[in-house]
Structure formats: structure tokens, C-alpha cells
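One-letter residues, chain by chain:
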Amino acid sequence: MSTATASKVLSDRINRIEVSATLAITAEALKLKAQGIDLADFGAGEPHFSTPQHIKDAAIEAIEKNFTRYTNVAGVPEVRKAIVERHAADFGTNYTPEECVFTAGGKLAIFNAVEVLIEHGDEVIVPVPYWVSYKDIVEFAGGTPVFVETDERENFRVTVKMIEQAITPKTKAIILNSPSNPSGAVMAAEDLYAIVRLCHRRGIYALLDECYVYLSFNGEMVSGASVTEAKEHVLVLGSLSKTYAMTGWRAGFALGPKQIISAMSKLQSQSTSNATSVVQRASIAALSGSQQCVSEMRADYIKLRDRILEGFKTIPGLTCTVPQGAFYVYPNIKAFLGKGGIRTASELAAKLLSEAHVVVVPGEAFGTSEHVRLSYAVSGDVIDKGVERMREYFAKLG
């Protein structure tokens with residue numbers, strides 16, 4: 001089939017987007033693993049912990065009690081109640097179950113929110129570096145991402161002044177992700193609250209990606225939704241995946257104005273329908289039970305972060321900001337570009353994979369050209385092995 005014919009088969013909207021860079025890297029890594037190659041895999045952003053036992057037990061009980069049929073599209077009342085109560089207890093918010101929809105993963109919550117809010121020509125402000133899917137999700141909906149550059153020397157800080165300067169009459173929303181994937185940067189409460197208030201004043205929607213909100217290392221968990229007077233212009237887009245090591249379960253949610261939540265539920269009714277019934281029961285156990293498991297995992301991530309940063313100090317030319325949350329490091333690899341015929345971060349990532357057997361994600365996927373992302377949600381041994389391989393590879397470049 002010719003390219004011309006193929007382009008007529010596929011819709012414009014699917015041709016506007018690309019395959020997720022992180023999933024593409026994961027696929028390449030799996031091919032090498034299938035060949036028996038030992039990889040130091042820092043690619044996928046996935047906890048190395050097992051799902052806590054009490055969560056698994058709740059799912060097993062749901063299956064044994066035959067809780068395996070369709071549920072309300074937005075989720076059973078009990079899971080929506082557990083979500084709003086958890087968020088209220090931790091952040092002082094005042095959502096009701098009717099202002100909540102349970103989704104098949106946090107990514108679907110973001111996708112559905114953008115789909116119901118963004119028209120062709122609408123602009124969505126996205127701070128850089130950004131999570132790989134924001135750009136494509138906005139463009140799939142027909143919107144235009146407006147990228148706001150941050151300064152690595154300021155730890156990728158996002159300020160209200162930056163956002164205000166990017167606003168135009170076409171601005172419909174801004175996406176804020178704190179702690180950040182890929183940089184691990186955590187927004188200061190005063191910056192986050194000021195931007196949410198600005199959105200409220202200007203009639204712009206603040207889409208708060210709180211995927212990593214419980215993995216903040218500075219002792220303070222912050223949600224922009226705590227600015228309750230701005231509630232009509234705030235959407236919380238949450239996930240249980242990283243908080244409770246439940247990535248494969250696909251458990252996410254959105255909190256927001258009833259009109260928007262209702263529209264998201266309507267869209268979900270014509271796509272996925274309800275998220276898996278058993279997962280809903282497991283999520284109730286996660287949200288309503290002891291949060292000790294979260295504290296323990298967070299403490300381990302801090303140790304792993306410190307371990308990989310210490311390793312980076314042994315690699316001349318490699319620099320890295322200190323992440324304050326999530327489980328990623330975003331080192332600057334500018335010193336190695338132009339060496340060994342390597343021109344871009346993507347080429348460096350490909351070389352690290354093929355020659356050093358180290359899996360990283362190139363910065364172009366996140367909107368920058370001089371970085372790679374590594375997830376340190378791995379064992380300490382993998383960190384040590386990966387750092388050693390990187391050190392040897394970069395030394396050979398000269």
C-alpha cells in the first residue's frame with residue numbers, strides 16, 4: 001500500500017500523534033531481554049515493589065464473591081467515596097462522590113479531561129520538561145500545546161509569571177504535574193496556589209496531574225485543589241499506580257466540577273465503560289486502609305535517589321538536579337553530545353541501549369534536547385550496575 005493510500009485510510013487525528021516514547025523504549029528493551037541480554041533497565045516508570053498484600057486480598061475476595069459484573073460507568077459509589085475522603089483527609093478538599101469518576105488508569109483520566117474540554121484552536125499551556133503524553137493528548141483533541149520553558153538552574157521551577165506571560169485569548173487550560181515526570185521537581189506551594197488562583201481569575205482550567213503527589217520527599221504533600229475557592233476551574237487527575245505499586249491494575253480517577261465529570265463519564269460510557277470491577281474493590285482497600293505502605297515505599301525511593309546521584313558524581317561531565325519527588329532523575333548529557341558521532345539525546349539513548357545495555361529515555365520525548373530520563377524505581381544492584389556501565393561507556397567517548 002502506498003503512503004498516499006495509507007494516509008487516506010487513517011484519520012488526521014491519529015496521524016497527529018506518535019507512539020509513547022517510554023512504551024517504545026520498553027518494547028525495544030523487551031526484545032533484547034528476550035535474546036538473553038542482561039539490561040540495566042531505567043526506562044519504564046514503574047515501582048519495583050509488589051502491590052501490598054491487603055490490596056491483593058481485596059481483589060481476591062471480590063473475585064471469590066463474584067463481584068465481576070458491570071458497575072456504574074463512573075465507578076461504584078464506595079470507590080468514589082473512598083477517593084474523595086482520601087483527598088479530603090490529605091489536602092482539605094471538599095469533593096462529593098458525584099464530582100468523581102473512576103477511570104482505567106490515570107492516563108485515561110487525563111485523556112478524557114482533555115477530550116471533553118479542548119476544541120480545535122484551543123491552547124493548553126504545558127511547562128517543559130513535560131510528561132510524554134501531554135503533547136499528543138492535546139493534539140489528538142485538536143488543541144495546541146503552548147510550551148513554557150523552565151530553567152534547569154532553578155530546578156525547573158514553574159512560576160505564576162511564566163504562566164501569565166503564556167496566556168492568550170485562546171488559552172483554555174494548563175497542565176501542572178508535581179512532583180514532575182521526568183525531572184522529579186516539586187512545585188513550591190506558593191507557586192502552585194498562585195497559578196491555580198490565576199487560572200480561576202482568568203477562567204482557565206487547571207488540570208492537576210497528581211500521579212506522584214504522595215511521592216514528595218520534602219515532607220509536605222501539596223495539591224492545587226486545596227485552593228477550594230477556585231474549585232470550578234480545577235480538575236484533579238489522579239492515579240493509584242505509583243502510590244500503591246498498582247501500575248498494571250489500571251486504577252485512576254478525576255475530581256472536578258459536576259458538569260465536567262459528567263461529560264467525562266459520558267465519554268467513558270462510549271469507550272471503556274466502567275473500570276474493572278475487581279480493581280475498584282482493590283482500590284477501596286488501598287485508599288481506605290493503612291497508608292504505612294506508601295510511607296515505606298517513599299522512604300525507599302529517597303535512598304535509591306541518593307544512591308544513583310552518588311553514582312552520577314563518579315561520571316565526569318554528567319550533571320543532575322536533585323529530584324524532590326517521584327522516582328526519576330533527569331541528568332544533563334550535553335557534555336557528551338558531539339563525541340563518538342553522537343549528535344542528539346536520542347542517539348545517545350540508542351547507543352547506551354545497544355552498546356552499554358543501559359535503558360534510558362531520551363529528553364526529546366519530554367521537550368528537551370540535552371537530557372535523558374532514568375527511573376530509579378529499581379533495586380540498588382541495578383543502579384550500581386547501570387551507573388558502572390554508563391561510566392565505562394562515557395569514558396570511552398573521551
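Anything mentioned here points back to the structure above.
The following paragraphs examine the structure supplied in this document. Because the structure is a prediction, the values reported are computed rather than measured. (Residues numbered from 1 in each chain as written. Predicted model: local features only at pLDDT ≥ 70, side-chain atom pairs only at ≥ 80, totals over all residues. Heavy atoms only, no water.)

A short note on the side chain of Thr171
Here is step 1: Checked against the element boundaries, Thr171 lands in strand β5 (residues 171-177).
Here is step 2: At a separation of 2.8 Å, a polar atom in the side chain of Thr171 contacts the main-chain amide nitrogen of Thr168. (Helix = DSSP H or I, 4+ residues; strand = E, 2+ residues; numbered from the N terminus. Polar contact = N/O pair within 3.5 Å; in protein donor to acceptor, adjacent residues only side chain to side chain.)

Brief notes about the layout of surface pockets
Here is step 1: Approximately 590 Å³ is the volume found for the largest pocket.
Here is step 2: Where the lining of the largest pocket is concerned, the elements lending two or more residues are α3 (21-34), α6 (106-117) and β7 (234-239).
Here is step 3: Along the lines of polarity and charge, the residues of the lining of the largest pocket split into eight nonpolar, 11 polar and six charged. (1 Å grid on protein atoms, 1.4 Å probe; cavity = no way out; pocket = protein on both sides within 12 Å on 5 of 7 lines; lining within 4 Å. Points joined across faces, edges and corners; volume = space filled by probe spheres on them. Nonpolar A, V, L, I, M, F, W, Y, C, P; charged D, E, K, R; others polar.)

Some details on a nonpolar patch on the surface
Here is step 1: A surface patch of nonpolar side chains, about 270 Å² in accessible area, is lined by Val9, Leu10 and Ile14.
Here is step 2: Position of Val9 relative to the elements: it lies in helix α1 (residues 3-9). (Patch = residues over 30% accessible without salt bridge, like charges linked within 9 Å, V, L, I, M, F, W, Y side chains within 5 Å. Areas by Shrake-Rupley, 256 points an atom, 1.4 Å probe, with all protein chains shown as cover. Salt bridge = Lys/Arg side-chain N within 4 Å of Asp/Glu carboxyl O.)

Comments concerning the side chain of Arg389
Here is step 1: Its location among the elements puts Arg389 in helix α14 (residues 380-397).
Here is step 2: When residues no more than four places from it in sequence are discounted, the contact partners of Arg389 are Asp38, Leu39, Ala40, Ala356, His357 and Val358. (Contact = heavy atoms within 4.5 Å.)

With respect to the state of the cysteines
Here is step 1: Evaluation of the coordinates by the stated rule reveals zero disulfides.
Here is step 2: The thiol sulfur of Cys211 is not disulfide-bonded, and the nearest other cysteine sulfur, from Cys293, lies at 16 Å.
Here is step 3: Given a relative accessible area of 13%, Cys211 falls into the buried group.
Here is step 4: The cysteine Cys320 is free of any disulfide, with Cys211 supplying the nearest cysteine sulfur at 20 Å. (Disulfide = S-S within 2.5 Å. Buried < 20%, exposed > 50% of the residue type's maximum accessible area, 1.4 Å probe, protein only.)

Regarding the packing of aromatic side chains
Here is step 1: Going through the model one piece at a time under the given rule, you end up with 13 aromatic pairs.
Here is step 2: Taking the centre distance of 6.1 Å and the plane angle of 65° together, the rings of Phe156 and Tyr330 count as edge-to-face. Placement of Phe156 in the loop between β4 (144-149) and α8 (160-166) and of Tyr330 in the loop between β9 (328-329) and α13 (345-356) is noted, with a sequence separation of 174 residues between them. For the pair formed by Phe156 and Tyr330, the shared burial category is buried.
Here is step 3: On the numbers, 5.6 Å between centres and 80° between planes, the contact of Tyr212 with Tyr328 is edge-to-face. (Phe/Tyr/Trp six-rings, centres within 6.5 Å; stacked < 30°, edge-to-face > 60°.)

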